[in-house]
Amino acid sequence: MGQLARRLGVPDAVVIGLGSMLGAGVFVVFGPAAAAAGGAGLLPALVLAGFIALCNATSSARLAARYPESGGTYVYGRERLGPFAGFVAGWGFVVGKTASCAAMALTIGAYLWPGQARLVAVGAVLAVTAVNLRGIAKTATATKLLVALVLAVLTVVGVVGGPVRLDRLGEPGGSARGVLTAAGLLFFAFAGYARIATLGEEVRDPRRTIPRAVPLALGLVFAIYLVLAMVTLGVLGADRLAGSAAPLVDVVTAAGLPGLAWVVRAGATIAVVGVLLSLVAGVGRTTLAMARRHDLPGALAAVHQVRQVPHRAEVAVAAVVIVVVLLGDVRQAIGFSSCTVLVYYAITNAAALTLGRDPDRRLPVRVVAVLGLVGCLLLAVNLPLGSVLAGFGVLAVGAAWYALRAGHRRPGQRLNRR
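Cut-offs applied
Within each chain, residue numbers correspond to sequence positions counted from 1 in written order. Confidence filtering applies because this is a predicted model: local features only for residues at pLDDT of at least 70, side-chain atom pairs given and counted only at 80 or more, and all residues used for totals across whole chains, interfaces and linings. For the side-chain quantities, the full set of heavy atoms in the structure was used; hydrogens and water were omitted. Per the convention used, a helix needs a DSSP run of H or I reaching at least four residues, while a strand needs a run of E reaching at least two, with both numbered from the N terminus. Only protein chains enter the calculation, and the probe is 1.4 Å; a residue is then buried if its accessible area is under 20% of its type maximum, exposed if over 50%, and partly exposed in between. Whether two residues are in contact is decided by their heavy atoms, any of which lying within 4.5 Å being enough. Methods summary: accessible areas were calculated by the Shrake-Rupley approach with a probe of 1.4 Å, and residue burial reflects only the protein chains presented. Salt bridges are counted wherever a side-chain nitrogen of Lys or Arg sits within 4 Å of a carboxyl oxygen of Asp or Glu. The distinction between a cavity and a pocket rests on a 1 Å grid over the protein atoms alone: a 1.4 Å probe fits inside a cavity but cannot get out, while a pocket stays open yet meets protein on both sides within 12 Å along at least five of seven lines, and a residue with an atom within 4 Å of a point counts as lining. Grid points are joined across faces, edges and corners, and a volume is the space filled by probe spheres set on the points. By definition, no residue in a patch forms a salt bridge, and every one has over 30% relative accessible area; like charges are joined within 9 Å, nonpolar side chains (Val, Leu, Ile, Met, Phe, Trp, Tyr) within 5 Å. Note that Gly is not counted as nonpolar here; it falls among the polar residues with everything else outside the nonpolar set of Ala, Val, Leu, Ile, Met, Phe, Trp, Tyr, Cys and Pro and the charged set of Asp, Glu, Lys and Arg. In this analysis, the expected span of each helix is defined as 1.5 Å times one less than the number of residues it contains. Here a polar contact means two N or O atoms within 3.5 Å. Within protein one must be a hydrogen donor candidate and the other an acceptor candidate, and residues neighboring in sequence count only if both atoms are side-chain atoms. You can read pLDDT as the predictor saying how much it trusts each residue, on a scale of 0 to 100.

Caption draft 1: Layout of the overall build of the protein chain. Looking only at helices and strands, the protein chain features 16 helices and 0 strands. Counting across all 418 residues of the protein chain, residues that qualify as buried make up 59%. In the protein chain, the share of contacts with a sequence separation of at least 24, taken over all contacts with a separation of at least 6, comes to 83%. About 16000 Å² of surface is accessible on the protein chain, with carbon and sulfur atoms providing 66% of the total.

Okay, here's the thing in structure tokens:
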């Protein structure tokens, strides 16, 4: 099958994490989250989503350092909880993130050419797949450029946005359920840090690199999100933000600088391209891991002899994403992805609980894992009803297929753990 080359250090891994997260929240999720939270509920929802993401990141980093290979929680679940838990995690990740790839691609189309959004989306999927097939070093280099450009655009919005009315940050409204729903939607914006773990087989010195890169990338993104959430809420107010399709464009317009709108739209496109680039890479590597253990067709386990990338898996992922792009809807894809990915991280935390105490860490890691597990399930069930039904329905279909496949094995034949 071949092995992937270890080429990524801490800076590269952090950049890939940033590229995976920046864009999804800032340019897509703030509006729907504000509508769900109401009033000042957006900021507590963001803090809650960030805290649960930190719990998940801590558990992911511990597990990735122990099992430094491609696949993320698919591998951790198999090793710590058994093959079935690993399969559910892998199935949820691949299906949910495939939907997320389609949502990101359609967002690119909507910004660049609304009249031909699906055509542009297909072109974007083909382009990022071509970059990923050139090798993970090419992915990291391209992501560095995209992250630099996006940070420049977000800095412009943060500096020129105004006037910020601080009284709007404390406007009453919303409910506890609304805050939980908003937090579940905002979690979609943080989920990119898992891309570092799914690239574990390509990271140098993973026991040192992954535990440093994951929380660093997450902390930087949380700080950026918090500042921009305060700016958008303070400038637009809860009601206007809830109805905004492009909050950052509205912020610069409210500041009397409508000429900057095109800069923000370009930045949004660049950001989402960066997210899509890392998403396709991460889903491809989880597909590779599942194919290696025959939970997906074994032909997908091939690694290119020259580029050292899972080329068949990435081409297969791109093909499925294109189908979803041609048939699906952005809002449905985001809600569905949030639900399945929260279940994925619930399994991450459950697996981390089996590691026991970690004398090298000051954090109470077992408590963190419990909080992450409970938090993920709580946010998942409080998402919009359609997202919950679709997400858990697809997970149930996968579980049924797994059980059927296991039942057809020869008597005495067991599912391998590796």
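Caption draft 2: Inspection of the pattern of salt bridges at higher detail. Inspection of every chain in the model, using the stated rule, returns 3 salt bridges. Between E314 and R285 there is a salt bridge, and its shortest N-O distance comes to 2.6 Å. Placement of E314 in helix α13 (residues 311-327) and of R285 in helix α12 (residues 261-292) is noted, with a sequence separation of 29 residues between them. Residue classification places E314 among the buried positions, given a relative accessible area of 0%. Connected through shared salt-bridge partners, R78, D295 and R405 make up one network.

Caption draft 3: Seen up close, the environment of L22. Residue position: L22 is located in the loop between α1 (10-21) and α2 (24-37). Remark: the alpha-carbon pair of L22 and V275, spanning 253 residues in sequence, is separated by 7.1 Å. Not counting residues up to four positions away in its chain, the partners in contact with L22 are V150, L151, L154, V221, I224, Y225, A271 and V275.

Caption draft 4: Focus on unusual backbone geometry. A positive phi angle, close to 65°, is found at H294, a residue other than glycine. For H294, the location among the structural elements is in the loop between α12 and α13.

Caption draft 5: Structural detail: the layout of surface pockets. Within this model, the largest pocket holds a volume of roughly 600 Å³. Around the largest pocket, the lining is made up of 24 residues, and of these V28, P32, V330, R331 and I334 lie nearest the centre. Counting residues per element, the ones that place at least two in the lining of the largest pocket are α2, α5 (83-112) and α14 (330-353). Top element by residues in the lining of the largest pocket is α2. It accounts for 6 residues.

Caption draft 6: Structural view of the environment of E171. By secondary structure assignment, the location of E171 is in the loop between α7 (136-160) and α8 (176-190). Separated by 66 residues in sequence, E171 and G237 have C-alpha atoms that sit 8.6 Å apart.

Caption draft 7: Seen up close, a nonpolar patch on the surface. Taken together, the side chains of F51, V367 and L371 make up a nonpolar region of the molecular surface, amounting to roughly 260 Å² of accessible area. With respect to the helices and strands, the residue L371 is situated in helix α15 (residues 365-381). Among the residues examined, L371 registers a relative accessible area of 42% and is labelled partly exposed.

Caption draft 8: Examining empty space enclosed by the protein more closely. Taken as a whole, this structure holds 2 cavities of 30 Å³ or more when the rule is applied. Size it by volume and the second largest cavity reaches roughly 40 Å³. In terms of lining, the second largest cavity is formed by L18, G19, L22, L146, V147, V150, A271 and G274. Among the elements of the structure, α1, α7 and α12 are those that each provide at least two residues to the lining of the second largest cavity. Among the elements that make up the lining of the second largest cavity, the one with the highest residue count is α7 (3 residues). When its residues are assigned to classes, the lining of the second largest cavity shows 6 nonpolar, 2 polar and no charged.

Caption draft 9: Main features of α14. For α14, which comprises 24 residues, the first-to-last C-alpha distance of 35 Å matches the rise-based estimate of 34 Å (1.5 Å per residue) to within 8%. α14 sits mainly inside the fold: 19 of its 24 residues count as buried.

Caption draft 10: View of the side chain of N382. By secondary structure assignment, the location of N382 is in the loop between α15 and α16 (385-407). Take N382: its relative accessible area is 10%, and that puts it in the buried class. For N382, the side chain forms a polar contact with the main-chain oxygen of L378, separated by 2.7 Å.

Caption draft 11: Main features of the confidence of the model for the protein chain. Of the residues in the protein chain, 89% reach a pLDDT of 70 or more, and the chain-wide mean stands at 83. The lowest-confidence element of the protein chain is helix α9 (residues 194-198), averaging 64 in pLDDT; the highest-confidence one is α15, averaging 94. Scored below 50 in pLDDT, residues 412-418 makes 18 contacts in the model with residues more than four places away or belonging to other chains.

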